Amino acid sequence: MQHPESILIVDFGSQVTQLIARRVREAGVYSEVAPFQSAAEAFERMRPAGVILSGGPASVTLENSPRAPQMLFDAGVPILGICYGQQVMSAQLGGNVVISGDGGEFGKAFVEVKQPCALFDGVWEQGERHQVWMSHGDKVDAIPPGFEPVAVSEGAPFAIVADEARRFYGVQFHPEVYHTPDGAKLIANFARNVCGLTGDWTMAEFRSAKIAEIREQVGSARVICGLSGGVDSAVAAVLIHEAIGDQLTCVFVDHGLLRAGEAEQVVGMFRGAYNIPLVHVDAEEQFLSGLAGVTDPEAKRKFIGRTFIDVFDAEAKKIGGAEFLAQGTLYPDVIESVSFTGGPSVTIKSHHNVGGLPERMNMKLVEPLRELFKDEVRELGRELGLPDIFVGRHPFPGPGLAIRIPGEVTKERCDILRKADAIYLEEIRNAGLYDAIWQAFAVLLPVRTVGVMGDGRTYDSVLALRAVTSVDGMTAEVFGFPGDFLPRVATRIVNEVRGVNRVVYDYTSKPPGTIEWE
Ligand SMILES: Nc1ncnc2c1ncn2[C@@H]1O[C@H](COP(=O)(O)OP(=O)(O)OP(=O)(O)O)[C@@H](O)[C@H]1O
Ligand SMILES: O=c1[nH]c(=O)c2[nH+]cn([C@@H]3O[C@H](COP(=O)(O)O)[C@@H](O)[C@H]3O)c2[nH]1
Ligand SMILES: NC(=O)CC[C@H](N)C(=O)O
Ligand SMILES: [Mg+2]
């Protein structure tokens, strides 16, 4: 889709590329991220008003390291290169990059502004010093013809370089991260003042653009949408329904790995609120029998991803075939599952709906939320008028309780976990804490410990409780419960759930932990 009021972000595999997209959208400008290998096609398709080249783990000094498509530099639009992006631009336009003799700069640094520059016009003044965040081992040691250094840092003489005639800018630091306090302003300045965009992009526009895109992609074909009751798939279903009406059928899969009462609740809620055909599939036996004996987290995820697709295929057949499968996949699902560059950035875990998909698929995917973050999906949900019960729900992973039972998953262990989890969530709701927490759940550990109850000895499982706050699920902090909340929940669980005799609380943030335990 052409999108002249947009910015294309070329991804070289940085862990924080997605934050660039965020910052651009926060500036009221639509953006899309494309891996460097397909950036030229993305550019042709979008016709954006500007380009940002991301950071990345590779070294420009090595042969075969990624390069930006040359056509981007010939397109006549402004370009901002960030870290690796700056280095690659320097190397490709006639400058030079070397490995820093002193090992590089990592963490907090200060830049000193030497000259005025359109990139920070109205934000920074000549002569000022400003905090930025650096993370580089290589540095530019000769800038290309046409460029001038406009700011320096101790370790980088070319902390900011600019070719005002071509409107090309390079920054060695990362303006997209929180620890560059004025970074968001620099990115907004690039998008609005340098690229000349108005900054009036809204979710309402996203909605209408996506609807047009879905209609174009799907035509008159039939679509099945995996509906979980979670925010993402509910928003995807309502959006797609607005686009193609009764060509859409939703499929809710009960894989036996859901929480207590969840299936009835989701199906009831959805049928109550929407007049969209919804098939409720009971696939517990198929999932649990396939999971028997499987203990490796990635093996569980791959099996579940594959089995979801088997179920969707079977349901498609029953309605006379469907050409497309819609899912509420978000950007974090994608970024954690795959490494765009095939380079040193690693797969953290295979989200069932991305990295867990089988290689051969009968249906083509429709994923209208693939570029968004959770909080943006919630905003879109509100824009679409979804009730709060959908929009405000804590996320629940597609593989469900299977990834909250380290070790083998059995029906018996699912039942134990369901009971404990229900008590935990009930107490959270009763204490009025549900909306203050991003996600809360229990994990049933494959560890047994000794206890004493009613003067008898117990030898039962340990249960871990987790609650985190987050904005987008990419990073998370541990939620601090008030005073006696956790001891009270622990007592209730040990008293009421047979099979659990000890409860612990998980104090790990993300990173270094992930939110789920597997
Ligand atoms: N039980 C299920 N039945 C059908 N589809 C499912 C089920 N669980 C997950 N999916 C599909 O997988 C996608 C990804 O799941 P995910 O949990 O990330 O999103 P969600 O459930 O829609 O939202 P949330 O993250 O808020 O739970 C869903 O959007 C949905 O399309
Ligand atoms: O639909 C999903 N399929 C998956 O395979 C999956 N794995 C993790 N999650 C959810 O993603 C968010 C981040 O989780 P992690 O920190 O554990 O990676 C958290 O909200 C997790 O619950 C998943 N959702
Ligand atoms: N953060 C980055 O983009 C790093 C770029 C390059 N890998 C370096 O170390 O200099
Ligand atoms: Mg979910």
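Note that the structure is predicted; figures quoted are calculated from it, not measured.

**Digging into the side chain of Arg-22**
Along the polypeptide, Arg-22 turns up in helix α1 (residues 17-26). Arg-22 gets classed as buried once you look at its relative accessible area, which sits at 11%. Among all residues touching Arg-22, those that are not within four sequence positions of it are Phe-373, Asp-375, Glu-376, Val-471 and Asp-472.

**Notes on helix α5 (residues 183-194)**
Residues of α5 that are buried include every one of Gly-183, Leu-186, Ile-187, Ala-188, Asn-189, Phe-190, Ala-191 and Val-194, and no others. Its buried side turned inward, α5 meets β1 (6-11), α1, β3 (50-53), β4 (79-82) and β11 (168-171).

**Notes on the domain arrangement of the protein chain**
The parts lose accessible area when they come together, and the size of an interface is often stated as this lost area. Here the protein chain is partitioned into domain 1 (6-194), domain 2 (203-391) and domain 3 (410-505). Averaged C-alpha coordinates put domain 1 and domain 2 at centres separated by 35 Å. Counting from both sides, the interface comprises 15 residues of domain 1 and, opposite them, 12 residues of domain 2. Each partner contributes to the roughly 1,200 Å² buried at the junction of domain 1 and domain 2, and carbon and sulfur atoms together form 59% of this total. Sorting the residues of domain 1 by area buried against domain 2 places Gln-18, Arg-22 and Arg-25 first, and these three jointly supply 39% of that buried surface. Seen at the junction of domain 1 and domain 2, the total is two salt bridges. Of the charged contacts in the structure, one is a salt bridge between Arg-22 and Asp-375, with a shortest N-O distance of 3.0 Å. Summed over the shared surface of domain 1 and domain 2, the number is four residue pairs in polar contact (both at pLDDT 80 or more).

**A closer look at the site of ligand 3**
Taken together, the neighbourhood of ligand 3 is formed by Gly-55, Gly-56, Pro-57, Ala-58, Cys-83, Tyr-84, Gln-87, Ser-135, His-136, Gly-137, Asp-138 and His-174. Within the contact set of ligand 3, an oxygen atom lies 3.0 Å away from a backbone nitrogen or oxygen of Tyr-84. A distance of 3.0 Å is found between a nitrogen atom of ligand 3 and a backbone nitrogen or oxygen belonging to Ser-135. Elements with a contribution of two residues or more to the shell around ligand 3: α4 (84-92) and β7 (129-136). Within the shell around ligand 3, the residues separate by chemical class into four nonpolar, seven polar and one charged.

**Section: the layout of surface pockets**
The computed volume of the second largest pocket comes to approximately 810 Å³. Residue assignment for the lining of the second largest pocket shows that the elements contributing at least two residues are α1, β2 (30-35), α2 (39-46), α6 (203-218), α11 (331-337) and β16 (364-366). Of the residues belonging to the lining of the second largest pocket, the class tally is 16 nonpolar, three polar and nine charged. Residue assignment places the lining of the second largest pocket across two domains, with domain 1 (6-194) and domain 2 (203-391) each supplying three or more.

**Quick word on the UniProt feature "binding site: ATP" (unreviewed entry) in the protein chain**
The residues that UniProt annotates with the feature "binding site: ATP" (unreviewed entry) are Ser-228, Gly-229, Gly-230, Val-231, Asp-232, Ser-233 and Ala-234. Checked against the lining of the largest cavity, the annotated residues reduce to Ser-228, Gly-229, Gly-230, Val-231, Asp-232 and Ser-233. Mapped onto the fold, Gly-229 is located in the loop between β12 (223-226) and α7 (231-244). When its relative accessible area of 2% is taken as the criterion, Gly-229 is described as buried. Each residue touching Gly-229, except ones within four places of it in the same chain, is listed here: Val-266, Phe-390 and Arg-393. Examined against the element boundaries, Ala-234 turns out to sit in helix α7. In this structure, Ala-234 is in contact with Leu-227, Leu-386 and Phe-390, ignoring residues within four places of it in sequence.

**Details of the site of ligand 1**
Taken together, the neighbourhood of ligand 1 is formed by 22 residues, with Gly-226, Ser-228, Ser-233, Lys-374 and Phe-396 sitting nearest. Between ligand 1 and Val-231 there is a distance of 3.1 Å, counted from an oxygen atom to a backbone nitrogen or oxygen. In this structure, an oxygen atom belonging to ligand 1 sits 3.0 Å away from a side-chain N or O atom of Asp-232. Taken by itself ligand 1 offers 580 Å² of open surface, and the protein chains cover 95% of this. Judged by its atoms lying within 2 Å of the grid points, ligand 1 is housed in the largest cavity. Elements with a contribution of two residues or more to the shell around ligand 1: α7, β13 (248-254) and α10 (297-318). Among the residues making up the shell around ligand 1, the classes are represented as 10 nonpolar, nine polar and three charged.

**Considering a negative patch on the surface**
Taken together, the side chains of Asp-121, Glu-125, Glu-148 and Glu-164 present a region of like negative charge at the surface. Within the element layout of this structure, Glu-164 appears in the loop between β10 (160-163) and β11.

About the criteria used
- Residues numbered from 1 in each chain as written.
- Chains lettered and ligands numbered in written order.
- Predicted model: local features only at pLDDT ≥ 70, side-chain atom pairs only at ≥ 80, totals over all residues.
- Heavy atoms only, no water.
- Helix = DSSP H or I, 4+ residues; strand = E, 2+ residues; numbered from the N terminus.
- Buried < 20%, exposed > 50% of the residue type's maximum accessible area, 1.4 Å probe, protein only.
- Contact = heavy atoms within 4.5 Å.
- Domains from an automatic or database assignment.
- Buried area = accessible area lost by both parts, 1.4 Å probe.
- Salt bridge = Lys/Arg side-chain N within 4 Å of Asp/Glu carboxyl O.
- Polar contact = N/O pair within 3.5 Å; in protein donor to acceptor, adjacent residues only side chain to side chain.
- Near = heavy atom within 4 Å.
- Nonpolar A, V, L, I, M, F, W, Y, C, P; charged D, E, K, R; others polar.
- 1 Å grid on protein atoms, 1.4 Å probe; cavity = no way out; pocket = protein on both sides within 12 Å on 5 of 7 lines; lining within 4 Å.
- Points joined across faces, edges and corners; volume = space filled by probe spheres on them.
- UniProt positions renumbered as here; feature names shortened; annotations may be inferred.
- Areas by Shrake-Rupley, 256 points an atom, 1.4 Å probe, with all protein chains shown as cover.
- Sits in = over half its atoms within 2 Å of the grid points.
- Patch = residues over 30% accessible without salt bridge, like charges linked within 9 Å, V, L, I, M, F, W, Y side chains within 5 Å.
- Lys, Arg positive; Asp, Glu negative; His and termini not counted.
- Charge placed at Lys NZ, Arg CZ, Asp CG, Glu CD.

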